[in-house]
There are 2 protein chains.
Amino acid sequence: MSKDLISQLIDTLRCLPGVGPKSAQRMAYHLLERNREGGNKLAHALVEAMEHVGHCRICNTLTEHDECEICSNQGRDGSLLCIVETPADVLAIEATGYRGRYYVLMGHLSPLDGIGPEELGLQKLADHLDRGGIDELILATNSTVEGEATAHYVGEMAHKREIRASRIAHGVPIGGELEYIDGGTLAHALAGRQSV
Amino acid sequence: MSKDLISQLIDTLRCLPGVGPKSAQRMAYHLLERNREGGNKLAHALVEAMEHVGHCRICNTLTEHDECEICSNQGRDGSLLCIVETPADVLAIEATGYRGRYYVLMGHLSPLDGIGPEELGLQKLADHLDRGGIDELILATNSTVEGEATAHYVGEMAHKREIRASRIAHGVPIGGELEYIDGGTLAHALAGRQSV
Ligand SMILES: [Zn+2]
Ligand SMILES: [Zn+2]
């Protein structure tokens with residue numbers, strides 16, 4: 001016998017990060033008791049996003065279009081390429097007023113989990129660098145072991161192509177994740193970047 | 001121009017209780033980057049639950065069936081009727097080992113918000129009491145101003161019909177909501193109920 005619909009809803013809400021059994025229950029009852037329209041809208045938004053959001057042809061970030069909004073913007077400085085791990089990191093860097101372009105790795109190197117350069121899809125970044133026009137790579141991966149290793153590897157890719165590479169300054173707390181850092185600290189870290 | 005699908009997903013995730021802009025963003029990216037299958041399952045569970053979950057014909061709780069599982073269970077003691085505000089409260093009382101039956105108000109009296117006996121649908125409870133067979137009403141509404149007022153009103157409904165009414169003991173912290181209280185305290189409160 002299959003579970004009843006309320007239990008199924010509570011179970012599936014737990015696929016959301018940070019949602020335990022108690023808050024999943026609270027969410028399910030909240031929608032059922034007070035906001036069925038919101039529940040239906042959420043279902044629709046989920047289906048649309050899961051189906052139609054893919055990766056930007058140029059910078060690899062998540063977007064429903066062939067090219068993301070930033071890549072389509074001719075006013076951005078194409079000589080600066082900021083390398084980040086996730087789309088959320090793009091939003092964090094955008095908030096500092098940065099006007100260059102991005103490449104989004106959608107992860108980091110993690111040999112212990114079997115994620116090497118090939119699994120991370122770094123060939124797409126290599127092709128991007130080979131197309132030319134880039135003066136400097138800003139390595140803005142997280143200040144974690146994996147983020148540092150990834151920055152080092154991508155820095156080497158830049159050096160081989162005689163492109164300058166810099167690492168954002170250690171204003172970012174060690175072990176910290178970019179997306180949780182306040183805009184001021186992040187602006188400072190960008191300004192204080194060092195050649196590597 | 002309409003918002004892009006990722007922004008729409010982030011916006012609609014905020015209809016979930018306790019989800020602010022930052023956690024909505026985190027949830028959306030988590031699903032898109034790592035768990036699209038989970039996102040699709042959640043959408044499906046939402047649609048099914050929003051469409052098919054209604055109220056139990058007998059006890060008024062949320063269920064996809066005509067009668068809920070507890071009301072369909074012939075082994076429950078029909079002489080005891082526990083009055084609670086929400087379906088989550090039923091789960092909390094169930095965990096104490098209670099074996100009577102329930103009536104779920106789906107709210108409480110709140111004259112300031114325009115919720116009187118009629119708006120709360122207390123006629124359905126009155127009909128239920130009039131069908132007979134109930135020896136005692138256990139008033140297990142929250143220990144808030146509205147919960148106490150509701151308990152008082154439902155207690156009067158019982159008295160008019162010469163049904164005993166009791167209020168769960170004040171082991172429940174004043175101002176506290178039933179669904180967050182540990183099972184031991186709640187079992188104690190049930191055992192120590194007083195006639196009203
Ligand atoms: Zn792009
Ligand atoms: Zn029922």
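Residues numbered from 1 in each chain as written. Chains lettered and ligands numbered in written order. Predicted model: local features only at pLDDT ≥ 70, side-chain atom pairs only at ≥ 80, totals over all residues. Heavy atoms only, no water.

Chain A is annotated in an unreviewed UniProt entry as Recombination protein RecR from Candidatus Reidiella endopervernicosa. Among the UniProt annotations of chain A, the heading Sequence similarities (unreviewed entry) holds the following wording: "Belongs to the RecR family." Under the Function (unreviewed entry) heading, UniProt states for chain A: "May play a role in DNA repair. It seems to be involved in an RecBC-independent recombinational process of DNA repair. It may act with RecF and RecO." (UniProt positions renumbered as here; feature names shortened; annotations may be inferred.)

**Thoughts on the coordination of the zinc ion (ligand 1)**
Residues and elements named next belong to chain A. Ligation of the zinc ion (ligand 1) by protein atoms is provided by Cys 56 (SG), Cys 59 (SG), Cys 68 (SG) and Cys 71 (SG), these donors lying 2.2 to 2.3 Å from the ion. Geometry at the zinc ion (ligand 1) is tetrahedral, judged from its four donor atoms and the angles of 104 to 121° they form at the metal. Linear spacing of the donor residues for the zinc ion (ligand 1) on their chain is C-x2-C-x8-C-x2-C. Summarising the burial analysis for this pair, Cys 59 and Cys 68 share the class buried. (Donors = N, O, S within 2.8 Å, 3.2 Å for Na, K, Ca; no water. Tetrahedral: all angles 85-135°; square planar, octahedral: opposite > 155°, others 65-115°. Buried < 20%, exposed > 50% of the residue type's maximum accessible area, 1.4 Å probe, protein only.)

**Digging into the relation of the copies chain B and chain A**
Once turned by 180° and shifted 0.0 Å along the axis, chain B lies on chain A with an RMSD of 0.0 Å. Classification of the inter-copy transformation places it as that of a two-fold axis. Ranked by how close their C-alpha atoms come to the rotation axis, the residues of chain B are headed by B:Ala43, at 2.1 Å. Looking at chain B, 100% of its interface residues are interface residues in chain A too, so the copies touch through the same face. (Least-squares fit on C-alpha atoms with pLDDT ≥ 70 in both. Contact = heavy atoms within 4.5 Å.)

**So, the interface of chain B and chain A**
Listed as interface residues are 46 residues of chain B and, on the opposing side, 46 residues of chain A. Where chain B abuts chain A, roughly 4600 Å² becomes buried across the two surfaces, and 70% of that area is made up of carbon and sulfur atoms. At the junction of chain B with chain A, the criterion picks out zero salt bridges. Run the count over chain B and chain A and you get six residue pairs in polar contact (both at pLDDT 80 or more). Residue contributions to the side of chain B that touches chain A peak at 14 residues, all from helix α3 (residues 36–52) of chain B. Looking at the side of chain B that touches chain A residue by residue, the classes come out as 26 nonpolar, 11 polar and nine charged. (Buried area = accessible area lost by both parts, 1.4 Å probe. Salt bridge = Lys/Arg side-chain N within 4 Å of Asp/Glu carboxyl O. Polar contact = N/O pair within 3.5 Å; in protein donor to acceptor, adjacent residues only side chain to side chain. Helix = DSSP H or I, 4+ residues; strand = E, 2+ residues; numbered from the N terminus. Nonpolar A, V, L, I, M, F, W, Y, C, P; charged D, E, K, R; others polar.)

**Describing the domain arrangement of chain A**
Taken domain by domain, chain A holds domain 1 (5–52) and domain 2 (62–195). Just the C-alpha atoms count here: the centres of domain 1 of chain A and domain 2 of chain A sit 33 Å apart. (Domains from an automatic or database assignment.)

**Notes on the pattern of salt bridges**
Residues and elements named next belong to chain A. With the rule as written, the count across this model stands at 18 salt bridges over all chains. Ionic pairing is found between Asp 130 and Arg 161, a salt bridge with its closest N-O pair at 2.7 Å. Placement of Asp 130 in helix α6 (residues 122–130) and of Arg 161 in the loop between α7 (145–160) and β6 (164–167) is noted, with a sequence separation of 31 residues between them. Salt bridges sharing common partners tie together Arg 57, Asp 66 and Glu 67.

**Focus: the layout of surface pockets**
Put simply, the largest pocket is a space of about 720 Å³. A:Asp4, A:Ser7, B:Leu62, B:Glu69 and B:Leu91 are, among the 28 residues lining the largest pocket, the residues nearest its centre. Taken together, the elements giving at least two residues each to the lining of the largest pocket come down to α1 (5–13) and α2 (21–34) of chain A together with β2 (62–63), α4 (69–72) and α5 (87–94) of chain B. (1 Å grid on protein atoms, 1.4 Å probe; cavity = no way out; pocket = protein on both sides within 12 Å on 5 of 7 lines; lining within 4 Å. Points joined across faces, edges and corners; volume = space filled by probe spheres on them.)

**Details of the coordination of the zinc ion (ligand 2)**
Residues and elements named next belong to chain B. Coordination of the zinc ion (ligand 2) by the protein involves Cys 56 (SG), Cys 59 (SG), Cys 68 (SG) and Cys 71 (SG), with metal-donor separations of 2.3 to 2.4 Å. One can describe the site at the zinc ion (ligand 2) as tetrahedral: its four donor atoms subtend angles covering 104 to 119° at the metal. In terms of primary sequence, the donors binding the zinc ion (ligand 2) are separated according to C-x2-C-x8-C-x2-C. Note that Cys 59 is positioned in the loop between β1 (54–55) and β2 and Cys 71 in helix α4, a separation of 12 residues in sequence.

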